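Each chain, written out:
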Amino acid sequence: MTEAMIRKKPGMASVKDMPVLQDGPPPGGFAPVRYARRIPTKGPSAMALFLAAFGAFSYGMYQVGKGNKIRRALKEEKYAARRAILPMLQAEEDERFVKEWKKYLEYEAEVMKDVPGWKVGENVYNSGRWMPPASGELRPEVW
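Residues numbered from 1 in each chain as written. Predicted model: local features only at pLDDT ≥ 70, side-chain atom pairs only at ≥ 80, totals over all residues. Heavy atoms only, no water.

Structural notes on the overall build of the chain
In terms of helices and strands, the chain carries 2 helices and 0 strands. Each of the 143 residues in the chain was classed as buried or not, and the buried ones make up 3%. Carbon and sulfur atoms form 62% of the exposed surface of the chain, whose accessible area is close to 13,700 Å². (Helix = DSSP H or I, 4+ residues; strand = E, 2+ residues; numbered from the N terminus. Buried < 20%, exposed > 50% of the residue type's maximum accessible area, 1.4 Å probe, protein only. Areas by Shrake-Rupley, 256 points an atom, 1.4 Å probe, with all protein chains shown as cover.)

Following this line, the structure appears as structure tokens:
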């Protein structure tokens with residue numbers, strides 16, 4: 001089929017001579033196109049979520065503060081009990097030290113009896129200060 005038969009015009013010389021045939025809208029126009037996002041409002045608002053999170057955080061920090069106060073009071077009670085019992089523990093340790101020191105001096109006297117000029121219990125260091133023995137030195141259960 002030729003263009004002349006379609007347009008019902010015999011032999012056109014140029015495309016410009018062709019009548020304009022353009023599609024258009026139907027009578028009354030097209031139906032409106034829905035292009036907007038219509039998201040339903042479900043759930044709480046952003047402000048309600050923020051306030052709920054802030055409230056939960058505030059309550060949690062309040063509970064942490066209360067726990068810190070209780071823990072601090074328990075720690076102070078423990079330290080007060082230790083301070084109260086410390087003199088008794090120190091006295092027991094001093095008593096144990098004196099007993100062990102006497103045993104140690106007896107042992108030293110027995111071991112060094114053949115050494116001329118040896119004085120039992122005399123410090124071998126010439127610092128002039130008394131120093132308690134190193135930890136475990138007078139503890140036979142550690143030897």
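What to know about the UniProt feature "transmembrane region" (unreviewed entry) in the chain
In this numbering, the UniProt entry assigns the feature "transmembrane region" (unreviewed entry) to residues 45-62. Overall, residues 45-62 shows 94% helix and 0% strand. The separation of its end C-alpha atoms is 26 Å. (UniProt positions renumbered as here; feature names shortened; annotations may be inferred.)

A few points about a positive patch on the surface
On the surface, a cluster of positive charge is contributed by Lys69, Arg71, Arg72, Lys75, Lys78 and Arg82. Among the secondary structure elements, Lys78 is positioned in helix 2 (residues 46-111). Judged by relative accessible area, which is 43%, Lys78 ranks as partly exposed. (Patch = residues over 30% accessible without salt bridge, like charges linked within 9 Å, V, L, I, M, F, W, Y side chains within 5 Å. Salt bridge = Lys/Arg side-chain N within 4 Å of Asp/Glu carboxyl O. Lys, Arg positive; Asp, Glu negative; His and termini not counted. Charge placed at Lys NZ, Arg CZ, Asp CG, Glu CD.)

Details of the packing of aromatic side chains
For the coordinates displayed, the defined rule picks out 3 aromatic pairs. Between the aromatic rings of Phe97 and Trp101, the centroid separation amounts to 5.9 Å while the plane-to-plane angle is 15°, which identifies the pairing as stacked. You can see Phe97 and its partner Trp101 sitting in helix 2, 4 residues apart, about one turn around the helix. Members of the aromatic cluster, joined through ring pairs, are Phe97, Trp101 and Tyr104. (Phe/Tyr/Trp six-rings, centres within 6.5 Å; stacked < 30°, edge-to-face > 60°.)

Describing a nonpolar patch on the surface
Judged by side-chain polarity, Val115, Trp118, Val120, Val124 and Tyr125 come together as a nonpolar surface patch covering roughly 480 Å² of accessible area. Note on placement: Val124 falls in the segment after helix 2. On the basis of relative accessibility, which here comes to 54%, the residue Val124 falls in the exposed class.

Some points on the pattern of salt bridges
Following the criterion strictly, the structure yields 3 salt bridges and no others. For Arg96, the salt bridge goes to Glu93, with nearest N and O atoms at 2.7 Å. Of this pair, Arg96 and Glu93 are both found in helix 2, 3 residues apart, which corresponds to roughly one turn of the helix. Looking at Arg96, the relative accessible area reads 24%, which means it is partly exposed. Glu93 gets classed as partly exposed once you look at its relative accessible area, which sits at 28%.

Points about the side chain of Glu108
Mapped onto the secondary structure, Glu108 falls in helix 2. Among buried Asp, Glu, Lys and Arg side chains, Glu108 stands out as unpaired, with Lys119 the closest opposite charge at 12 Å. Glu108 has contacts with Trp118, Lys119, Val120 and Gly121, leaving out every residue within four places of it along the chain. (Contact = heavy atoms within 4.5 Å.)

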